[in-house]
Amino acid sequence: MTNETLIRPARILLPDADIDMEKWACLACDQFTSQPEYWHKAQAIVGENASALGLILPEVYLDEPDVANRIEQVHAQMRRAVSDYLKRVVNGFIYTERTTESGTRKGLLAAIDLEAYSYTPGQTPLIRPTEGTVPSRIPPRLAVRRGALLELPHILMLLNDPDRTVLEPLAEKKASLPLLYDTPLMLGGGRVAGWAVEDPALVEQLIRLVQAFAEKLGPNGAAPIAIAVGDGNHSLATAKAYWEELKTQLPEAELADHPARWALAEIENVYDDAIQMEPIHRVVFGVDTDEFTRALAEYCTSRKGCGTPQRFSLVCCGKPDAEFVIEHPEKPLCVGSLEDFLAGYLPSHPAARVDYIHGEEAVRELAGQNAVGILAPPFCKEDLFRGVYEGGVLPKKTFSMGHATEKRYYLECRQIAR
């Protein structure tokens, strides 16, 4: 078995038992980035109560003039939290169950080894992103992590585990595990419960089960993807960038166990029935719909690849949906072909712009005069790992793991500075 580490238990901090957990937990900072009113509502609910909201910087504020002051306030709140009320400690993992409209999904909160992960194109680490990382998105997030005493996890990682070998057996043991929290989540987030996993034998068993994925080769003997990033790609990339920056300043003796080498994340099984992979559609504005339709049809018939036929629909106002087939695609996934077409079309049509839309109904509302909607096909879970194996990363805006309020809420903390 490979000697490269994947996960390890962590010293996880939770607020004291008298803290209102519904006001404590808050949504991932990378949601509602164009809707500050969501964050205003969250702050109104929290009021003067202790909350994870004070320990994170919603990304809606990243471009504001006072962002540096906001970051200083976050760092100060972290120090106060450790001093005053983050007194409950779990030495191990946390098993979680998150209930939303999609069902109840299972997760394991663990420390992910950043030495086993890379977002550099062309590399094949055991822990791998599923989408391309945009380097320009890292520096503003890095400014938050530098000087931070704590990290709060919203990253969701995925196992390719159709045989359900890790989380499902753990779920059967939850009655014997100490319950840490069971709380509703504010603003439509559903409910979440968590149990401590501290028994050394069970911890070691889980490490072995996850480590086994490091030995499972991909198609045609491709290097294994043991764990893939499902959500929070740029947050994990920021943790990696910070570690690469920090480790150049550390003595050799501290490299193996420095807390910043690890990132706290929740591991889930992509085959969990409650994980909904929704396709992300496209709407192209500022186009002549007839000309756009002709160009798209020409693209579809001109491909000379050897992939499986790909089908999608074009939505134009006042017309029946147009069904398209790429019989000989050159890209492994349909969204990759759509992005390839748009990459060629948009530069020669400067008035055109594309937006990425969740939900077919929204696409139909937006498609109108001088705008067309492209309905991507359903995203199959089997395509996630296959797409990464065959294409390095998935095409831009391939899928979403549920709606915004189904993303991870911050509850737990871990110290990343000594």
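Peer 1: Where do I start with the packing of helix α4 (residues 138-145) against helix α7 (residues 233-247) in this structure?
Peer 2: Axis angle and axis distance: for two packed helices, these are the angle between their axes and the distance between the axes, and together they describe the pair. Running from amino to carboxyl end, α4 crosses α7 at an angle of 65 degrees, the nearest separation of the two axes being 9 Å. What the angle tells us is that α4 and α7 run roughly perpendicular. Seen from above, α4 lies across α7 with right-handed handedness. Between α4 and α7, the contacting residues are I138, R141, L142 and R145 on the first element and H234, A237, T238, A239, A241, Y242 and E245 on the second. Its residues assigned to classes, the contact of α4 with α7 comprises six nonpolar, two polar and three charged.

Peer 1: How should I be thinking about the nonpolar core in this particular structure?
Peer 2: Across soluble globular proteins, nonpolar side chains have a tendency to be buried as a group. In terms of nonpolar packing, the biggest core is built from 53 residues, with W24, W39, L150 and L152 touching the most fellow members. Tallying contributions element by element places helix α3 (residues 67-84) first for this core, with five residues. Listed in part, the 47 residues of the second largest apolar core include L108, I138, A193 and A214.

Peer 1: Would you take a moment to explain the pairing of strand β4 (residues 88-100) for this structure?
Peer 2: Working note: regular strand, side chains alternate between the two faces of the sheet. Across five bridges, strand β2 (residues 10-14) lies against β4 in antiparallel orientation. Note on β4: the bridge partner recorded for L14 is R88. Of the pairings in the sheet, the one linking β4 to strand β10 (residues 191-197) comprises seven bridges and is antiparallel in character. Across the sheet, the residue bridging to Y95 is W195, located in β10. As paired elements, β4 and strand β5 (residues 103-113) share seven bridges and run antiparallel to each other. Of the residues in β5, the one forming a bridge with R98 is R105. Connecting β4 to the antiparallel partner β5 that follows it, the hairpin turn spans two residues.

Peer 1: Before we go on, may I ask you to explain helix α8 (residues 289-302) in this structure?
Peer 2: Because an α-helix completes one turn every 3.6 residues, residues spaced three or four positions apart along the sequence face the same direction. Given a rise of 1.5 Å per residue, 14 residues ought to cover 20 Å, and the 20 Å separating the end C-alpha atoms of α8 matches this to within 8%. Listed in full, the buried residues belonging to α8 are T289, F292, A295, L296, Y299 and C300. Along the axis of α8, the buried positions cluster into a sector of 135 degrees, meaning they face one direction only. Away from its buried face, by an angle of more than 90 degrees, α8 presents the exposed residues R294, E298 and T301. Here the buried face of α8 lies against β13 (277-285), β14 (310-315), β15 (322-326), α9 (334-345) and β17 (371-375). Where α8 begins, one side-chain oxygen reaches toward the backbone nitrogen of D290, 3.1 Å away; that side chain belongs to D288.

Peer 1: Whenever I open this one, the environment of R88 confuses me. Can you help?
Peer 2: Considering the arrangement of structural elements, one finds R88 in strand β4. Remark: the alpha-carbon pair of R88 and A17, spanning 71 residues in sequence, is separated by 8.0 Å. Not counting the four nearest positions on each side in its chain, R88 is found in contact with I12, L13, L14, P15, D16, A17, M21 and L180. At a separation of 2.8 Å, a polar atom in the side chain of R88 contacts the main-chain carbonyl oxygen of P15.

Peer 1: Would you mind going over the side chain of K407 with me for this structure?
Peer 2: Relative to the helices and strands, K407 is located in the loop between β18 (399-401) and β19 (409-410). Once residues within four sequence positions are removed from consideration, K407 is found in contact with L27, A28, Q31, R98, R105, D231, S400, M401 and G402.

Peer 1: Would you explain unusual backbone geometry in this entry?
Peer 2: Residues apart from glycine generally show negative phi values, whereas peptide bonds are mostly found in trans. For F32, which is not a glycine, the phi torsion comes out positive at approximately 50 degrees. Relative to the elements of secondary structure, F32 occurs in the loop between β3 (26-27) and α2 (36-46). A positive phi is found at N370, a non-glycine position, where the angle reads about 65 degrees. For N370, the position within the fold is in the loop between α10 (360-366) and β17.

Peer 1: Looking at this structure, how should I read the packing of α8 against α9?
Peer 2: Interaxial distance between α8 and α9 falls to 11 Å at its minimum, and their mutual angle equals 125 degrees. If you check the angle between α8 and α9, you find them oblique. In the crossing of α8 with α9, the sense of the turn from one axis to the other is right-handed. Here E291, F292, A295, L296 and Y299 of α8 come into contact with α9, specifically with S337, D340, F341, L342 and Y345. Here the residues of the contact of α8 with α9 sort into seven nonpolar, one polar and two charged.

Definitions and limits used
- Residues numbered from 1 in each chain as written.
- Predicted model: local features only at pLDDT ≥ 70, side-chain atom pairs only at ≥ 80, totals over all residues.
- Heavy atoms only, no water.
- Axes fitted to C-alpha atoms, helices over the stretch in contact; angles between N-to-C directions.
- Helix = DSSP H or I, 4+ residues; strand = E, 2+ residues; numbered from the N terminus.
- Parallel < 35°, antiparallel > 145°, perpendicular 65-115°, else oblique.
- Left-handed = near helix turned anticlockwise from the far one by under 90°.
- Contact = heavy atoms within 4.5 Å.
- Nonpolar A, V, L, I, M, F, W, Y, C, P; charged D, E, K, R; others polar.
- Core = buried A, V, L, I, M, F, W, Y, C linked by side-chain atoms within 4.5 Å.
- Buried < 20%, exposed > 50% of the residue type's maximum accessible area, 1.4 Å probe, protein only.
- Pairing = 2+ DSSP bridges.
- Expected span 1.5 Å × (residues − 1).
- Arc of directions from axis to C-beta.
- Polar contact = N/O pair within 3.5 Å; in protein donor to acceptor, adjacent residues only side chain to side chain.

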